Amino acid sequence: QVQLVESGGGLVQPGGSLRLSCAASGSIFSINAMGWYRQAPGKQRELVAHITSGGSTNYADSVKGRFTISRDNAKNTVYLQMNSLKPEDTAVYSCNTVLRQLGVPGVFSYWGQGTQVTVSS
């Protein structure tokens with residue numbers, strides 16, 4: 001089995017910063033891609049940022065220039081540095097990883113439990 005543990009959410013004022021972390025553990029053979037998604041109340045879940053095993057990244061237009069995704073392959077961890085936060089960034093942020101498991105054929109997608117980010121004065 002594989003577990004994803006997220007941390008770093010919270011309450012921050014507009015213009016502030018937060019750093020989210022998501023660590024994957026368990027019977028992991030290799031991790032392909034990792035990403036962050038968010039879902040605000042009454043809205044559909046959307047991709048925030050995505051990073052491949054080779055380090056290629058892509059971002060939602062709404063966060064380009066403000067958010068940075070990175071990963072530590074040795075720790076199976078993905079980070080999301082969020083700067084210049086706006087009230088419209090308020091949402092539950094969840095990490096996702098696509099990986100191969102030890103001794104199990106195929107590719108699997110796992111989700112973290114989600115962490116609340118609230119941007120408010």
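Report on the accompanying structure. Throughout this description, residue numbers start from 1 for each chain and increase along the sequence as written. pLDDT decides what is reported in this predicted model: residues at 70 or higher carry local features, side-chain atom pairs at 80 or more are listed and counted, and totals for whole chains, interfaces and linings draw on all residues regardless. Note: side-chain values were computed over all heavy atoms of the structure, leaving out hydrogens and water.

Observations regarding the state of the cysteines
Criterion for a disulfide: a pair of cysteine sulfur atoms within 2.5 Å. Taken as a whole and judged by the stated rule, the model has one disulfide. The residue that forms a disulfide with C22 is C95, at a sulfur-sulfur distance of 1.9 Å. Sign of the S-S torsion, about 40° for the bond between C22 and C95, identifies this disulfide as right-handed. One end of the pair, C22, is in strand 3 (residues 18–26); the other, C95, is in strand 9 (residues 91–101), and 73 residues separate them in sequence. With a 1.4 Å probe rolled over the protein chains alone, any residue whose accessible area is under 20% of its type maximum counts as buried; one over 50% counts as exposed, and the rest are partly exposed. Taking relative accessible area as the criterion, C22 reaches 0% and is therefore assigned buried. Of the residues examined, C95 reaches a relative accessible area of 0% and is grouped as buried. Each helix corresponds to a stretch of at least 4 residues labelled H or I by DSSP, and each strand to a stretch of at least 2 residues labelled E; elements are numbered beginning at the N terminus.

Section: the pairing of strand 9
By the criterion of burial, strand 9 is predominantly enclosed, with eight of the eleven residues buried. Alignment of strand 4 (residues 28–39) against strand 9, held across ten bridges, turns out to be antiparallel. Among the inter-strand pairings, G35 is bridged to a residue of strand 9, identified as N96. Here, strands pair whenever DSSP counts at least two bridges between them. As paired strands, strand 9 and strand 11 (residues 115–119) are joined by three bridges and run antiparallel to one another. Opposite Y93, over in strand 11, you have T115 as the bridge partner. Pairing between strand 9 and strand 10 (residues 104–111): five bridges, direction antiparallel. Bridged to T97 within strand 10 is Y110. Joining the antiparallel neighbours strand 9 and strand 10 is a turn of two residues, in which G103 adopts a positive phi near 75°.

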